[in-house]
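Analysis of the macromolecular model
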Amino acid sequence: MASDLSFLPTAVADMVENYGSNMRLALVEELEDEHAIFVQDGNHGEYRPLQDEFVAHGVPFVRPGNLLDGRIDLSGCDRINEAAFQRVRKGIGKGGDIVLTTNATIGRVAITSLDAPAFVTNPQTTVWRSTNPEILNQYYLFCFMRSLGFQEQLRMHTGRNATFDYISLTKQRSLTIPLPPLSEQKAIASILGALDDKIELNRRMNATLEGMARALFQSWFVDFDPIRAKLDGRKPEGMDKATAALFPDAFQESPIGPVPKGWKVGVLDELISFVIGGDWGASEPTEDETVSCYCIRGADIPSLQGGGVGKMPTRFLKQSSVEKRQLMDGDLAIEISGGSPTQCTGRPVLISDALSKSLSLPIVASNFCRIVKLKSPAFSKFVYCWLRYLYDAGSLFQFETGTTGIKNFAFVLFCEKYPLVVPEQRIAEAFDNAVSPLFVRIQANALQSRTLATLRDTLLPKLLSGELSVASILKVKA
């Protein structure tokens, strides 16, 4: 082992000092020569998928935006057909693989679940995989790649072309991986992996809970099941007598076809009291922009949809901007830029009182979002579920603008033109009462995950450096 550690980031040098002779330092290229690691850049060049090869159902195509809180959201990926997949030669991943972002946004790291299907990554990423678990534990590798010691190495080797920062595959192969004894690697992976597993379980539970709320929305406001039950002389399922009495027992004609009697066909504009664009602010305080806020970006929306807190960046805004844009309970933030070949813009976030109170700073949204406040709080979950229904059904594509690159959502036109079947206020209130307990549980899970993530991020550097004994942690757990 080299005695001069000045070429290493302090975090890695501390690992070497604490582990002493039990620590091995290895370059990525050395581990490749030993067939202990696989590092490959994302798909690019002549074999890349063509525009018409993106389909609704197929092989996931992973972009940087699909890397969320250390996990890869395959459900949110674009898809390519089998012909494109068979042509691909690079950037093919499988369950358990790690993906690293290497262009523009550098250093975001995520791992796939072991049961994940094959996927393809785009040119802004690389795939990392341990190919000899007797030398390098895969989850330990993931933990190290999230650490300051790895992230500082990325910054040291980052270059820049005319457009963006990047780290080449050659530079990635020159990075140093510290290798404690395999037993230590496994113990570190076990401790931190247990926290990540609980966070992932909470995420899945929240997806189920939100699915229940959205299923109820579809039953009441899309399929009109309570009205159809009454027409058939049946008692509406899943509701008490008082709630059932709120629903009519007949339909009436409307410009979009039969709708429940007494309901109206309107547009979202009629339910909105206030809408404004977001504000990206400044990354550092300025003379005018001095108020520190959490800012929702499009990349944060998938995790926030499930009640999560994501990793929203801190930005600095003018006081007047915060007063106009601060998101409160029942408000919506809607993404209006960032569409792709098979997924449109228009993803919403519903802000809850639990979320806003759990954070130490005000919440705003970036200029790639619209901030929407509703006239009646009773309609907030109704509108949120409606937007999620339209997004998943692909109904928002017709409001996308732009033919190449990033697509935009014509939100003003959508609000003015897209028909919305609006129930009576008391039925919206009944829906809000029915689904609110689900959203409360979602927020409770999300806040627990935030606590666990804080604990994980606190333990990570201490365990890797050897400052905190793995044995002492395991003893406490036992």
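Structure shown above.
Residues numbered from 1 in each chain as written. Predicted model: local features only at pLDDT ≥ 70, side-chain atom pairs only at ≥ 80, totals over all residues. Heavy atoms only, no water.

1. Some thoughts on the environment of Leu-201
- Here Leu-201 lies in helix H7 (residues 182-221).
- On the basis of relative accessible area, Leu-201 is assigned to the partly exposed category, the value being 43%.
- The spatial distance from the C-alpha of Leu-201 to the C-alpha of Asn-445 is 9.3 Å, given a sequence separation of 244 residues. (Helix = DSSP H or I, 4+ residues; strand = E, 2+ residues; numbered from the N terminus. Buried < 20%, exposed > 50% of the residue type's maximum accessible area, 1.4 Å probe, protein only.)

2. Observations concerning the sheet that holds strand S26 (residues 369-374)
- Spatial ordering of the open sheet is given by S19-S26-S22-S24, a layout of 4 strands whose pairing is antiparallel. Two strands close off the open sheet at either side, each with one partner strand: strand S19 (272-277) and strand S24 (348-350). The sheet shows a mean angle of 20 degrees between the axes of neighbouring strands, direction not considered.
- As paired strands, strand S22 (residues 332-335) and S24 are joined by 3 bridges and run antiparallel to one another. When the sheet's bridge partners are listed, Ile-334 is paired in S24 with Pro-348. (Pairing = 2+ DSSP bridges. Axes fitted to C-alpha atoms, helices over the stretch in contact; angles between N-to-C directions.)

3. Focus on the sheet that holds strand S20 (residues 291-296)
- Here we have 3 strands laid out as an open sheet, ordered S21-S20-S25, and mixed in their pairing. Strands with a single pairing partner mark the edges of an open sheet, and in this sheet they are strand S21 (314-317) and strand S25 (363-365). Each neighbouring strand pair of the sheet contributes to a mean axis angle of 55 degrees, computed without reference to strand direction.
- Taken together, the 4 bridges between S20 and S21 define a ladder with antiparallel strand orientation. Looking at S21, one finds that Tyr-294 is bridged to Thr-314.

4. Some remarks on the packing of helix H4 (residues 138-145) against H7
- In the contact formed by H4 and H7, the axes pass within 8 Å of each other and the chain directions differ by 70 degrees. When the interaxial angle is binned, H4 and H7 end up roughly perpendicular. Taking contact as the criterion, the partners of Tyr-139, Tyr-140, Phe-142 and Cys-143 in H4 are, on H7, Gln-185, Ile-188, Ala-189, Leu-192, Gly-193 and Asp-196.
- The residue inventory of the contact of H4 with H7, partitioned by class, reads 7 nonpolar, 2 polar and 1 charged. (Parallel < 35°, antiparallel > 145°, perpendicular 65-115°, else oblique. Contact = heavy atoms within 4.5 Å. Nonpolar A, V, L, I, M, F, W, Y, C, P; charged D, E, K, R; others polar.)

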